[in-house]
Amino acid sequence: MAEYRPSEIEAKWQKYWDEHKTFKVEGLGTKDKKMYVLDMFPYPSGAGLHIGHPLGYTGTDIFCRYKRMRGYDVLHPMGYDAFGLPAEQHALNTGEHPSKITRENCGRFTRQLKALGFSYDWDREIATCDEEYYRWTQWIFTKIYNSWFDEEQQKARPIEELPIPEEVRAAGKKAVFDYQAQYRLAYNAEAMVNWCPGLGTVLANEEVIDGKSERGGFDVIRKPMKQWMLRITKYSERLIKELDLIDWPQAIKDQQRNWIGKSYGAEIAFKIEGQDKDIRVFTTRPDTLFGVTFMVISPEHPLVDELTTDAQRAAVTAYKEQASKMSELARTIENREKTGAFTGSYVINPINGERVPLYIGDYVLVNYGTGAVMGVPSHDDRDFDYAKKYGIPIRAVIAPEEKETAAKVAAGELCWTEAGVMLPCDFPVAKEIEIEGKSNEDAKKLITDWLIAHGRGSRVINYRLRDWLFSRQRYWGEPIPIIHWEDGTDTILSEDELPLKLPLIADYKPSDGGESPLAKAKDWLEVTDPKTGMKGRRETNTMPQWAGSCWYYLRFIDPHNNKCAWDKELEKRWMPVDLYVGGAEHAVLHLLYARFWHKVLFDLGYVSTPEPFHKLFNQGMLVSYAYKDSRGALVPVDEVQEDENGVARKIADGEVVERITAKMSKSLRNVINPDDVVKAYGADTLRMYLMFMGPLEAMKMWDSQAINGVHRFVKKAYSFIFDESREVVAEDAESEDVVRATHLAVKRVTESLEGLRFNTAISALMEFLNAITYEKVSKKTLETFVIMLAPFAVHLGEELWEKLGHSETVAYATWPSYDEEKLKQNEVSVVVQIGGKKRGVLTTSIEVSESDLKKEVVALMADSAFKVSENDRFIVVYQNGTKIPKLVNVICGR
Ligand code: ANZ
């Protein structure tokens, strides 16, 4: 029999698919049903494909192949998220244009992906750095820029539809421009930004982790700079509400909700003592208003200077200076020591008329709520710390049920932040609204109602989400197609002026002061309006890497269109993405940004669905192992040897080390390169192993031994079909067991695939092969096996299908169906024991009666040395919980 040679088979079928464009779908497709399956496209890094990539990609590929066999038009594209820092860093070091290295890397990724047999429609390949792609990324930006958000209708509308007040219109073009600028969904503003000197760029809040850049781990400082911002905050409510329309993992929905951070509360006006002005605070706990003993406003609050008394000025100025050096993130770290300064001024609590000292403190952020907090040390941890530090009184107004804790809270020794009962309170308003003894939830309502009735407060909702900082001081990104004119106005390029191409430059270093390297491309930078002769300067910032990935799923639908970004009919046919698979690390960045862009496009009528991705699935992380020595230091795998008892020792000095689970990393030398695995076992084995390791969503450990088991199955499948000595029988000559095993396998594989449970599908295939290996089977059963194997072991599937006499690809074979009736068992094998020893097996109906069973046993044994009679004692054992016999033990001569 021919030997299984994966390298030959795989090359042969990859060539076939390429030449026949087997997985190409054109236009609207031809079937009734469509299925758009999308992988999160990779950044084409210089390191090539990581083993984590094929994990998710194999899952989606199997699902696509299955759906094609079920008669769906399947759209399954692949491309590259190709702008980004590493290529620019490379350019900085080598002077080589980033597009060159990016193109090379994309080519390498494509070769690696093709070697894994993925059924992408490669004619749809795109890279976000292609001019024909970013032309439309820029176009979408112009649409966002030229829109405003109508609060009443809760949707984006073209800027021309924004009502302009008469007096603004009368004041001229510049006044109208400035007015519109306040409403555009993309705006230019001086903002405190996260400036990362190490990377030479600003970063979005989402890209900063614990005060360091997510990429590279460089320090991040705060600095005011002119930046482009996108008003994603206008969509806060819809981004929360419309999560209900989609089928995403609960954990990701929760992360998005938390990120957007909706808080219900009240704004309360405190009068400034001796003035006719208020400071408003935002609080989620109006129930604590009687417990206020101070107020803290942010050091950047606009009233700070005015309200600082001469005696306090030096201290306040010094404190402001200190606070300005800290990032917002550093300022919000929990349990940080509280700092601040007294302004010398007082405000008046509206509900009890008390005089409340006014402080500044950096734990209050200027751009959240109103930038002012009422200090309630008895019920807020931060306020408690602050009050302790500055000797401010603590007054409890709520207490828990439990007596001992309640006593501590009442004495001001403990801060109580949970629900509780309102304590007795002598202030007249407290008496008037009768809050004593009520739950603090009731008190929230009563106090807010009182404030509203007396014109001192209102109910408000706040969102934690901030506008999206959209500009980067980098070269390798989409240029923002804006011209700043000398008269202080801007214009955005029109559709026919796009793409605004990145100019070729020789020096990729950011210019001093943090401007993008594009500021050095003088010919590109400086423009003159041919009509008016006015001079202008192009925007030098580029877009962040997130921009390209915000809409790539739309371009895949119509990737070669050079008239528009996508055709409307095609968009209607294919959207939304039915299944989107990728890592959970994109929970709040990419997935929130893409939803936001999509909603703007929806409001403007460019797309037909409110949400882009219907079902989201996160693949789990693939980890490997490493070792830890007695000091807790990690030891790379190649510095350790395990003996036959599994004891691991350092090769260098014999020290015993502990085997641990670790993330794959270059330094631990435990990274698995997919190319090596393909070389050793073939892509089909790699694919099957990746899927067999465990549920796709679970974290899994790469085990170089376990892949052998899967490889044996693949080889067995090959020899099963290639075995020339096999007798192939007619369909009606198959035993009931074979028929049942086949229907059972079809049911299990089908159901597993529908639920994306690839590991259980493979188990079912393995059991199926075991059940029929030594049986007489029909050609149809062999075909059933091959069709079901083909989405997993894709090359082998084709090879076996061909061996069974087919000249067309198996990719569009009809998926087998099963019949529940056939799963039912009619006959059963019963073990016959005489005096406890096995002496034979009989096949009988599952409905056999006990007396018939006796007769059959007597008949079976009649020709043997162990004759029995119906008068002997028969003990019948049944299958668990059924009346189907499993075993009969005959005790002779009773
Ligand atoms: C008084 C109070 C009493 C509060 C109490 C809490 C507990 P979330 O849920 O995140 O919206 N706060 C308001 N604006 C702030 C700002 N700019 N910077 C820092 N903190 C601010 O939090 C709302 C609560 O955070 C508000 O409710 C306010 O403190 C504080 F027992 O007001 B609270």
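Up top is the structure these notes are about.
Residues numbered from 1 in each chain as written. Predicted model: local features only at pLDDT ≥ 70, side-chain atom pairs only at ≥ 80, totals over all residues. Heavy atoms only, no water.

K.L.:
Looking at this model, I keep getting lost on the pairing of strand β10 (residues 262–272). Mind explaining?
P.N.:
The side chains of a regular strand alternate between both faces of the sheet. Of all 11 residues in β10, 8 are buried, a share of seventy percent or more. Taken together, the 7 bridges between β10 and strand β18 (residues 457–463) define a ladder with antiparallel strand orientation. Note that in β18 the partner of Tyr264 across the bridge is Ile461. Pairing geometry for β10 and strand β11 (residues 278–283), over 6 bridges, is antiparallel. Residue pairing across strands places Ala269 opposite Arg280, the latter belonging to β11. In sequence, β10 turns back onto β11 through a hairpin of 5 residues, with Gly274 there showing a positive phi of about 80°. In terms of strand pairing, β10 meets strand β13 (residues 341–348) through 2 bridges, oriented antiparallel. Considered in β13, the bridge of Lys271 is made with Ile348. (Buried < 20%, exposed > 50% of the residue type's maximum accessible area, 1.4 Å probe, protein only. Helix = DSSP H or I, 4+ residues; strand = E, 2+ residues; numbered from the N terminus. Pairing = 2+ DSSP bridges.)

K.L.:
Quick question: what am I supposed to make of unusual backbone geometry here?
P.N.:
Among all residues except glycine, the phi angle is most often negative; among peptide bonds, the trans geometry is most common. The omega torsion of the bond from Leu498 to Pro499 falls at 0°, within 30 degrees of zero and hence cis. Note that Pro499 resides in the loop between β21 (490–492) and α17 (522–525). Between Met575 and the following residue, Pro576, the backbone shows a cis peptide bond with an omega angle of 0°. Take Pro576: it is sitting in the loop between α20 (568–574) and β24 (577–583). The backbone of Lys21 sits at a positive phi, close to 45°, despite the residue not being glycine. With respect to the secondary-structure elements, Lys21 resides in the loop between α1 (6–20) and β1 (33–39). One non-glycine residue, Arg669, adopts positive backbone phi at about 50°.

K.L.:
Could you clarify how one ought to interpret the site of the ligand in this entry?
P.N.:
The environment of the ligand is formed by 18 residues, the closest being Ser263, Leu365, Tyr368, His379 and Arg464. In the environment of the ligand, an oxygen atom lies 3.1 Å from a nitrogen or oxygen atom belonging to the backbone of Thr284. Arg382 places a side-chain nitrogen or oxygen 3.3 Å from an oxygen atom of the ligand. Calculation on the ligand without its partners gives an accessible area of 650 Å², and the protein chains cover 87% of this total. Among the elements of the structure, β11 and β15 (372–375) are those that each provide at least two residues to the shell around the ligand. (Near = heavy atom within 4 Å. Polar contact = N/O pair within 3.5 Å; in protein donor to acceptor, adjacent residues only side chain to side chain. Areas by Shrake-Rupley, 256 points an atom, 1.4 Å probe, with all protein chains shown as cover.)

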